[in-house]
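What follows is each chain in one-letter form.
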Amino acid sequence: MAPSFLNFKELRRRSRASFRTEHSTDTSSEGAASQGTEPSSGSLTPPSVAHNSDPALNLQLKDVKELKESDESPSPLEHPQRRARPALTSTANSSRYSVSSMSGLGGPPNGKTSLPSSPYAPRIHNVSENAWVYQKVLIVHGAIGEPSHQTYDGTVTVTRLDDSFPPVSWPVCESHFKALVYLQPGPNKLRFDFSSPKLPNSTTSSNPIHASYLTVHMIPALNAPPLQLAILLAKDSPETFDAVPARAEREGNGLETAVRKFRMAAYLWQAFTAEQMWRQKLGRRSFRFEEEWTAGSANQRDRENNAMRSEARIHIIRSDKTLAELRDLNKAQQYDKATDKNALFGIAADAVKSYFQSPPGQKQYVSVMLLDAHWDREVQTIVGHAAMGGPVGDLHLSVFGSHCLQSYPTSFEEVVPAFTDCTPTDTNFVANDSGDAGSSWEAANMGIGAHLHETGHLFGCPHQEGGIMYRDYVVLNRSFVAREAYATRTRTRGGVALPDDECGWHRLDCLRFRTHPAFRLPNDPPMHSDASVQVFPGEGGNVMALAATGIIFVEIYGEGDDVCHSWIEYLSDNGSVQRQVTLTEQDLRARLPEAKRKGRVKITIKSYGGGSLTIDDFKTFASKSSSIKLGSLLGSALVSGKTAFRSGRIGPANVDKSNVHEVIFTSAVKQDRVLSRVVVYHGQAVEGLEFIYDDDSRQMFGKGDSKDNIDTFEFDVRRGEYISGFTIQADEAINGIRILTSIGRKSPMFGGAQGGAAQTMIPPRGYTICGVSGTCGSTWLDGFSVLIKK
């Protein structure tokens, strides 16, 4: 007999208590109807919003003279009328453990409950329960109930259950909300409470009725190099930034405030980038910051209590230039002169290099704010400002001015006010940058977004047809607020801002980030040391591209294109990579717009390791000009019908006064010859290679003038050993060369061991090396490629 406690009949009588929810019958919406606005290129943009905006604000604004854009990027496109938004899909969220909306039932004090979920508990759309993320600040967006049936306005309050960060409230617009979450390493247990005046008893803070719970695990990506943040000051800087008097009095405009604002802007960059990468199905990747133990500034409570936290470090760097010298660089002449911008960029680069003192070969990624940028009313120019980004040797640098800094938030609590503040820009004190910063929230977009644009250049992103690297950051606010305020730029009242209405990183930018060392995740496998791409023309006009780390994408440019509109991706769902791909002219042209298919086609091939190789004219590279008949240099020893193909060239791009050298191995065309050894003549770089055969016949490639630095590499003739590839180090010349053989042996690196990253040239599958080609200057080899045959 079963034990008495297993009374199955009694168990069947028991059932879970059901709770009936009082639904509101009020179907009105407090928000103004959505208005058409200019969408950003590549994404739909929402109208600005009516709430918290003065409908007559456009009548208060004076005409302002447009400033010349600081970054020479294309002007915004004329955006079409936004299309109707698709209905939201209702998806179950496994993380919803909230209580019934019955009065008197509160949420559990320390976590989840098994009671039925309230239909008004926040539903998180972009983060699942027990998700793993790798950055400090996380964007969360979701909905209340079913917005397609009934909408609510109200507030979602995000609370950490351990109270290590104060609760922060975020507005709900037409049942949609967006919030920022501050994360700490390890599990982060969060509660999301919705309150609305339309719902009874929902505003009782001690009794959360409409609540959902979420656990997010954060691991800092300490295996990736950090993006350093720095503020650059003149030697005699007053350490202040432009601000209207009332704002300067209220929150200050000194260095301490600048640090808090810049740090918060950087957190917004980080959260935005991670969210965009996740939407592109490339993982929650973002850059990390160097951190320091300092006074917490991300929330008001820390500031009031003088609490300490590990926060992003802002380096304070002083230039050896005076304030007058920095500002005079672009005050005397028009601001858009390239020489002026380059001069200020160079000054910043010198100051950053002197500050960090990085050893040779160590890359640094540094985003700099020029605190002494100043709006000069007399010349209607922002002086002491430059907007640029890119590499300077091993330093990857971006610079941007502080002229919009007064509009930035300093903490989480100020994010929504900063991106909805309609205070008109007072050009008596601050700039209306490019004419698109007519109100405070639009100035925040311009400053935070344009600086992120320059940071994109720092990470290797060119201008794109849309996204942040176009100029879509003028709607950056939509990633952080659910309702957009009145926009002076478009003269629209505003409306709800949905995820589809936001700006973003272009797909090509995200693919670059996927392979960038600063975006590596803790679980990424080690990367091959050779990130280079090698290309080989082949039979039938095909081109074979090889990379030890794998090919990730190929950009295709039509004749006259300055930005990429077409590309091929080689991403794999199962994690495998393609180390060799074959490209055909017909396929490349078919991917271009009809009008571009008959002109010159340029391609750029990108590897997973971050390597890049460009073929300026695909048709010419794949043509007969890249081939040679075997034996044509050996008279009657011609092997009939065989053709050799020249690989892509390693070495300086433009070499003057260099002689072309080419050697087809005798052993490739005469079966009675065997390559027995190679003599390498070198010093600080490689002078030449001499190929010696078993009959003591010789072929010279390059020069053999060196008498002191001569090395010989012997082949095992009995085992049929032959050359299977080369490893080359090159910058201004071919600094070093290593020979690879068919039985897996490697020679030492002959020549200089330093100078440029090592690149390995191994022929595609089914081909063998039958010679070498290149150029030789007065002293060294300065170009190297191989000849291959089937």
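Look up: the structure comes first, before these words.
Model, not experiment: these values are computed from the prediction. (Residues numbered from 1 in each chain as written. Predicted model: local features only at pLDDT ≥ 70, side-chain atom pairs only at ≥ 80, totals over all residues. Heavy atoms only, no water.)

A.B. asks: Would you mind showing me how to read the pattern of salt bridges here?
C.D. replies: Applying the stated criterion to the full structure yields 34 salt bridges. For Glu 291, the salt bridge goes to Lys 136, with nearest N and O atoms at 3.0 Å. Here Glu 291, found in strand 10 (residues 291–295), pairs with Lys 136, found in the loop between strand 2 (131–133) and strand 3 (137–144); they are 155 residues apart in sequence, far enough to count as distant. For Glu 291, a relative accessible area of 37% gives the class partly exposed. In this structure Lys 136 comes out as buried when scored by relative accessible area, which is 8%. In this structure, Arg 318 engages Glu 239 in a salt bridge whose closest nitrogen and oxygen atoms are separated by 2.3 Å. With Arg 318 in strand 12 (residues 314–318) and Glu 239 in the loop between strand 9 (227–233) and helix 3 (245–251), this residue pair connects regions lying 79 residues apart in the sequence. Its relative accessible area of 27% is what places Glu 239 among the partly exposed residues. One continuous salt-bridge network, built from bridges that share partners, spans Lys 178, Glu 275, Arg 279, Arg 284 and Glu 502. (Salt bridge = Lys/Arg side-chain N within 4 Å of Asp/Glu carboxyl O. Helix = DSSP H or I, 4+ residues; strand = E, 2+ residues; numbered from the N terminus. Buried < 20%, exposed > 50% of the residue type's maximum accessible area, 1.4 Å probe, protein only.)

A.B. asks: Looking at this structure, I do not really get the nonpolar core. What am I missing?
C.D. replies: A general trend in soluble globular proteins is that nonpolar side chains are found buried together. Core analysis: the largest hydrophobic core is formed by 98 residues, its most contacted members being Leu 180, Ile 231 and Phe 412. Among the elements that take part in this core, helix 4 (residues 255–279) stands out by supplying 13 residues, more than any other. Leaving out residues up to four positions away in the same chain, Leu 180 has contacts with Val 137, Leu 138, Ile 139, Trp 170, Leu 268, Ala 271, Phe 412, Val 415 and Phe 480. Judged by nonpolar contacts, the second largest core, of 42 residues, contains Val 678, Val 686, Leu 689 and Leu 787. (Core = buried A, V, L, I, M, F, W, Y, C linked by side-chain atoms within 4.5 Å. Contact = heavy atoms within 4.5 Å.)

A.B. asks: When you look at the sheet that holds strand 17 (residues 395–401) in this model, what are you seeing that I'm missing?
C.D. replies: In a beta sheet, neighbouring strands pair by backbone hydrogen bonds and run either parallel or antiparallel. Within the open sheet, the five strands sit side by side as 12-9-13-17-16. Their pairing is mixed. Edge positions in the open sheet fall to strand 12 and strand 16 (388–392), since each of these has one partner strand only. If you compare each strand with its neighbour and ignore which way they point, the axes differ by 25° on average. The strands that helix 4 touches are strand 9, strand 12 and strand 13 (364–370); relative to strand 9, the one it contacts most, it runs at about 150°. (Pairing = 2+ DSSP bridges. Axes fitted to C-alpha atoms, helices over the stretch in contact; angles between N-to-C directions.)

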